[in-house]
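Architecture and fold: a report
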Amino acid sequence: MRKNVGINSIALITLLFIGLPLIMIATTAFGEAAVIQFPIQGFTFKWFGDVLNTRSLMTSLWTSVRLAVIASMIGLMIGLPTSYALTKNNSKMSQRLLSFFLSPNLVPGIVMGFALFKTLTLTFRLTVWTSLILGHLMIVLPYTIRILAASMRELDPSIEEAARSLGCKPVETFIRVVIPNLKGSIFAALIMSFINSFNNLPVSLFLKGPGVNTLPAALMNHLEYNFNPTVSALSVILMVITFVMMLLIEKTIGLSEVR
Amino acid sequence: MKKSIYTTLVLPCFILVTVVLIVPIVMIVIPSFTEGGLSLTHYITFLSDPFYQGILWRTLKLSVITTLICALFGIPTAYFISIQKKSVKSLLQALVMFPLLTNAVVRGFAWMNVLGRNGLINKFLMSLSLIEEPLSLMYTELAIVVGSVYLFLPLMITTLTSVMENIDSDLVNATLSLGAKPYQVFFKVIIPLCFSGILVGSVLVFTGTLSAYTTPSLLGGNQNMMLATLLYQQANQLSNWTNAGMISLIMIVLSLTVMKGMNRLSKRLDKRGYEHA
């Protein structure tokens, strides 16, 4: 079974193909030359200092973090009651609504960006921050609802019944019984929301405004004029963030639950 | 649950998605039908222009190629991962998941360094004196395909691994004990059993490539526009709202058609005859 040479070699090539480019970029962040070269010569941390000193990158990093936190939080506040209702009432209507709520995921990002730019920014003249938050809410909502609905379906209903029969009111049951039981999934939903909002380019590209830029968009700009190890260093920082997030998901509900 | 409570819980989300997604999309699409009288003129003009036809054709072509390559490499890899010991398996799954959660700009940037004029491939080939002049690998359709495969191969693999994990190992053992060779197990048991998973993965890769913006704009350049980069150019640089709205609808319709078509196909061709969890 394990001696299938053909399959094994394709798999190894594929895994190398997936791993090597990122390892290469990570390595180039530590080279001393001002151009990206591989293999590197010398070893330095100065490009990381460069990232920290590039204001456009740092302010946009801060913007992206705040935006992702706000969008994930609002996404959770809206997604939690919604997924609860959808899983407690397993009608045809609920299934339709669920696919409706997951539909933002099916709209190409660039289309969503343009549509929101045209309506929220041009027609309704919302502020940059408001439209960015609304746009990113559409990005995070499907992830939140999918993860929460899946884990609520697995929640043993007898826990809630026990609480009710002991005299707990519905809202109280929800807050004191349902939510604590879903702690892990709620946390995972928040992290997946954060990652997806943080990484989004197309929606932010349209909705960013004067003085407000998200990190992926700023990085795109930066790449046009500075093709140097600073970008590699920033990539390393982003990869470390990704790695930490993955560890956090793995520790709470396991990676296989969120894909 | 009482109907009123149900409504109260679901309504905010419903209103939000309707107002922030559906209404804006309808509003950008309407002008593409109504501008200059109610007609399909814009679509007819657009679809008969060789320049736009080229972009539409390129988008479809590269999406199909990307999907095929992802399937070709993704299916064996997912199988390889699914039969590993638990500890190795989770390690490999994490390895595959990692790029998926890493920013697409970073992943595009990585390939710019591999494919560029002074990139890894050119340097390598020149050091071996196989070529004299650096090859122009960047800003080609090839670069877009490589970048897109890199972007979506992990998606194909994670989708397929979870399907393959659910295959009953008794089936595999039965086939082996009846004298099948490992490759026969793969082609005659595993692939038919996860056929619908392959279709789901293919839809994800296809629609993903079709609508991706980052990769074609970083690796394709202006010569190799795809629908997403064209949409951005029309909207952001030329302020041609009608064209942008039209391209939006074309992209949505293409994605939905492929999705519905594959769903139908998967229902018809599913060889398992029973539902998987």
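Please read these numbers as outputs of a predicted model, since none were measured by experiment.

Across its full length, chain B holds 14 helices and zero strands. Ordered by position from the N terminus, the helices and strands of chain B form the series α-α-α-α-α-α-α-α-α-α-α-α-α-α. Projected onto its principal axes, the C-alpha coordinates of chain B cover approximately 75 × 70 × 35 Å. Out of the 277 residues in chain B, the part that is buried amounts to 52%. A fraction of 72% describes how many contacts in chain B between residues 6 or more apart in sequence connect residues 24 or more apart. As presented, chain B carries roughly 13200 Å² of accessible surface, and 66% of it is formed by carbon and sulfur atoms. Taken as two groups, the 18 positive and 10 negative side-chain charges of chain B have centres that lie 8 Å from each other.

This part is about the UniProt feature "domain: ABC transmembrane type-1" (unreviewed entry) in chain B. The positions that UniProt labels "domain: ABC transmembrane type-1" (unreviewed entry) are, in the present scheme, residues 56-262 of chain B. The straight-line gap between the two end C-alpha atoms of residues 56-262 of chain B is 20 Å; of that span, 80% is helix and 0% is strand.

Turning next to the UniProt feature "transmembrane region" (unreviewed entry) in chain B. Residues and elements named next belong to chain B. Per the UniProt record, the feature "transmembrane region" (unreviewed entry) sits at residues 9-30, 62-82, 94-116, 136-164, 185-206 and 241-259. In residues 136-164, helix accounts for 83% and strand for 0%; the two terminal C-alpha atoms are 40 Å from one another. Taken end to end, residues 185-206 has its terminal C-alpha atoms 28 Å apart, with 95% of it in helix and 0% in strand.

Take unusual backbone geometry next. Not every positive phi belongs to a glycine, and R125 of chain A is a case in point at roughly 50°. Relative to the helices and strands, R125 of chain A is located in the loop between α5 (109-123) and α6 (128-153).

All names here are of chain A. Taken domain by domain, chain A comprises domain 1 (1-43) and domain 2 (45-253). Just the C-alpha atoms count here: the centres of domain 1 and domain 2 sit 30 Å apart. On the side of domain 2, twelve residues touch domain 1, which itself brings 13 residues to the contact. The junction of domain 1 with domain 2 conceals about 960 Å² of combined surface from both sides, 73% of it contributed by carbon and sulfur atoms. Linking domain 1 to domain 2 there are zero salt bridges. Our count for the domain 1 to domain 2 interface comes out at three residue pairs in polar contact (both at pLDDT 80 or more). Residues belonging to the side of domain 1 that touches domain 2 are distributed by class as follows: ten nonpolar, two polar and one charged.

On to the interface of chain B and chain A. If you look at the interface, chain B gives 81 residues, while chain A gives 78 residues. When the two sides are added together, the surface that chain B and chain A hide from each other amounts to roughly 7100 Å², 83% of it contributed by carbon and sulfur. The tally of links between chain B and chain A comes to zero salt bridges. In this structure, the connection of chain B to chain A is made through five residue pairs in polar contact (both at pLDDT 80 or more). Ranked by the residues each element gives to the side of chain B that touches chain A, the list is headed by helix α1 (residues 3-29) of chain B, at 15 residues.

Moving on, we get to the side chain of S103 of chain A. Residue and element names in this part refer to chain A. Structurally, S103 can be placed in the loop between α4 (92-102) and α5. With a relative accessible area of 16%, S103 lands in the buried category. Of note is the side chain of S103, whose polar atom sits 2.6 Å from the backbone oxygen of F100.

Here the UniProt feature "transmembrane region" (unreviewed entry) sits at residues 12-40, 60-85, 97-117, 129-149, 186-207 and 227-249 of chain A. Annotated as 91% helix and 0% strand, the span residues 186-207 of chain A places its first and last C-alpha atoms 28 Å apart.

All names here are of chain B. Taken over all residues, the pLDDT of chain B has a mean of 91, while the share at 70 or more is 97%. Summarising per-element confidence for chain B, the mean pLDDT is lowest in helix α9 (residues 169-177) (87) and highest in helix α4 (residues 50-82) (96). Interface predicted TM-score (ipTM) for the complex: 0.92; the corresponding pTM is 0.92.

Here is what the cut-offs are and how they apply
- Residues numbered from 1 in each chain as written.
- Chains lettered and ligands numbered in written order.
- Predicted model: local features only at pLDDT ≥ 70, side-chain atom pairs only at ≥ 80, totals over all residues.
- Heavy atoms only, no water.
- Helix = DSSP H or I, 4+ residues; strand = E, 2+ residues; numbered from the N terminus.
- Buried < 20%, exposed > 50% of the residue type's maximum accessible area, 1.4 Å probe, protein only.
- Contact = heavy atoms within 4.5 Å.
- Areas by Shrake-Rupley, 256 points an atom, 1.4 Å probe, with all protein chains shown as cover.
- Lys, Arg positive; Asp, Glu negative; His and termini not counted.
- Charge placed at Lys NZ, Arg CZ, Asp CG, Glu CD.
- UniProt positions renumbered as here; feature names shortened; annotations may be inferred.
- Domains from an automatic or database assignment.
- Buried area = accessible area lost by both parts, 1.4 Å probe.
- Salt bridge = Lys/Arg side-chain N within 4 Å of Asp/Glu carboxyl O.
- Polar contact = N/O pair within 3.5 Å; in protein donor to acceptor, adjacent residues only side chain to side chain.
- Nonpolar A, V, L, I, M, F, W, Y, C, P; charged D, E, K, R; others polar.
- pLDDT = per-residue confidence, 0-100.

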